[in-house]
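Coordinates in review
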Amino acid sequence: MTQDELKDAVAAAAIDEVRPHLHRDTVLGIGTGSTANRFIDRLAALRHDFAGAVASSEASAERLRGHGIEVFELNSVGTVPVYVDGADEVNAHLYMIKGGGAALTREKIVAACAERFVCIADASKKVECLGGFPLPVEVIPMARSYVARELVRLGADPVYRQGVTTDNGNQILDCFDFMIDDPQAMEARLNAIVGVVTNGLFAARGADVLLLGTERGVERLLPA
């Protein structure tokens, strides 16, 4: 199977995962990225079965509206029963690196407000140790150089993602050569750096279930 076919398979499995939660008052949490887009496209057929969605990016919000799905502000919703999103990397504990699409802060906020986090990914995203994918760190623009120096002190090789401004008006530093042995501790340590908005480690709030597209079909994995 191609990577696109694997993404289609996990998007279909995610529909089955959320279907029991759908009723006329349900507001779903929807993530960002190519796999999440495939889920959004499949969700369109069920748009009359639920109230709408909260999106983790402007791009996802636009795609939802394009399918006739109402998009709500998170402040008006409070909590969502299910949040469906992809990952750039995910380990056996269902800790993740996210933020390749620069939507990490909003993704982390929606995840924090979700009763259940369903991660959808193809098999290439499953790793033993997080850090092969460069870890994104969202920073206040005036703090970028300071934060970069602090990241170097932690052993990372931070690279400014030029030409990218987040939906929040901030900038991204991608941390290369930065394997992470203790994701929960490192997530907290990075967030404590002055000028950091948040980082792409999702360990304090990892996924509750992983739908992983493999050559053998979609595997449904729980945290180790």
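Up top you'll find the structure we're talking about.
Parameters at a glance
- Residues numbered from 1 in each chain as written.
- Predicted model: local features only at pLDDT ≥ 70, side-chain atom pairs only at ≥ 80, totals over all residues.
- Heavy atoms only, no water.
- Helix = DSSP H or I, 4+ residues; strand = E, 2+ residues; numbered from the N terminus.
- Buried < 20%, exposed > 50% of the residue type's maximum accessible area, 1.4 Å probe, protein only.
- Pairing = 2+ DSSP bridges.
- Expected span 1.5 Å × (residues − 1).
- Contact = heavy atoms within 4.5 Å.
- Core = buried A, V, L, I, M, F, W, Y, C linked by side-chain atoms within 4.5 Å.
- Axes fitted to C-alpha atoms, helices over the stretch in contact; angles between N-to-C directions.
- Patch = residues over 30% accessible without salt bridge, like charges linked within 9 Å, V, L, I, M, F, W, Y side chains within 5 Å.
- Areas by Shrake-Rupley, 256 points an atom, 1.4 Å probe, with all protein chains shown as cover.
- Salt bridge = Lys/Arg side-chain N within 4 Å of Asp/Glu carboxyl O.
- Phe/Tyr/Trp six-rings, centres within 6.5 Å; stacked < 30°, edge-to-face > 60°.
- Lys NZ or Arg CZ within 6 Å of the ring centre and 35° of its normal.

The backbone of leucine 94 shows a phi angle near 65°, a positive value even though the residue is not glycine. Here leucine 94 shows up in the loop between β4 (89-90) and β5 (96-97). Here leucine 94 falls in the buried class, since its relative accessible area comes to 0%.

Turning next to the sheet that holds β4. Judged by pairing direction, the sheet is antiparallel, and its three strands sit side by side in the order β4-β5-β11 without closing on themselves. Two strands close off the open sheet at either side, each with one partner strand: β4 and β11 (201-202).

Attention now moves to helix α1 (residues 3-18). With 16 residues, α1 extends 23 Å from end C-alpha to end C-alpha; this agrees with the ideal 22 Å at 1.5 Å per step. Turning to α1, its buried residues are Leu6, Lys7, Val10, Ala11, Ala13, Ala14, Ile15, Glu17 and Val18. Packed against the buried residues of α1 are α2 (34-43), β3 (83-85), β6 (117-122), β12 (209-214) and β13 (217-221).

Okay, the nonpolar core next. Soluble globular proteins: nonpolar side chains tend toward being buried together. Of all hydrophobic cores here, the largest spans 26 residues; its most connected members are Ile30, Phe39, Leu43, Leu64, Val84 and Ile120. Residue assignment for this core shows that the elements contributing at least two residues are α1, β1 (27-30), α2, β2 (52-55), α3 (58-66), β6 and β12. The element that contributes the greatest number of residues to this core is α1, accounting for six residues. When sequence neighbours within four positions are dropped, the list of residues in contact with isoleucine 30 reads Phe39, Ile40, Leu43, Ala53, Val54, Ala55, Ser56, Leu64, Tyr83 and Val84. Ile97, Val139, Leu151 and Met186 belong to the second-largest nonpolar core, a separate cluster that totals 21 residues.

Moving on to the sheet that holds β2. An order of β2-β1-β3-β6-β12-β13 is seen for the six strands of this open sheet, with the pairing classed as mixed. With one partner strand each, in any of the chains shown, β2 and β13 form the two edges of the open sheet. Within this sheet the neighbouring strands show an average axis-to-axis angle of 20°, counted without direction. Pairing of β1 with β2, which is carried by four bridges, proceeds in the parallel orientation. Residue pairing for β2: leucine 28 is matched across the bridge by alanine 53.

A cluster of nonpolar residues, Ile140, Met142 and Val197, forms a patch on the protein surface that exposes about 300 Å² of accessible area. With respect to the helices and strands, methionine 142 occurs in the loop between β7 (135-139) and α6 (144-153).

On to the packing of aromatic side chains. Centre-to-centre distance and the angle between the planes together describe a pair of aromatic rings. Scanning all chains against the criterion turns up one aromatic pair. With centroids separated by 5.0 Å and ring planes inclined at 55°, the aromatic side chains of tyrosine 83 and phenylalanine 117 adopt a geometry described as tilted. Note that tyrosine 83 is positioned in strand β3 and phenylalanine 117 in strand β6, a separation of 34 residues in sequence. Summarising the burial analysis for this pair, tyrosine 83 and phenylalanine 117 share the class buried. Positioned over the ring face of phenylalanine 202 is lysine 98, at 5.5 Å from the centre of the ring. Stacked on the ring of tyrosine 160, the Lys or Arg arginine 144 has its end atom at 4.0 Å from the ring centre.

Honestly, it's all geometry; don't read function into it.
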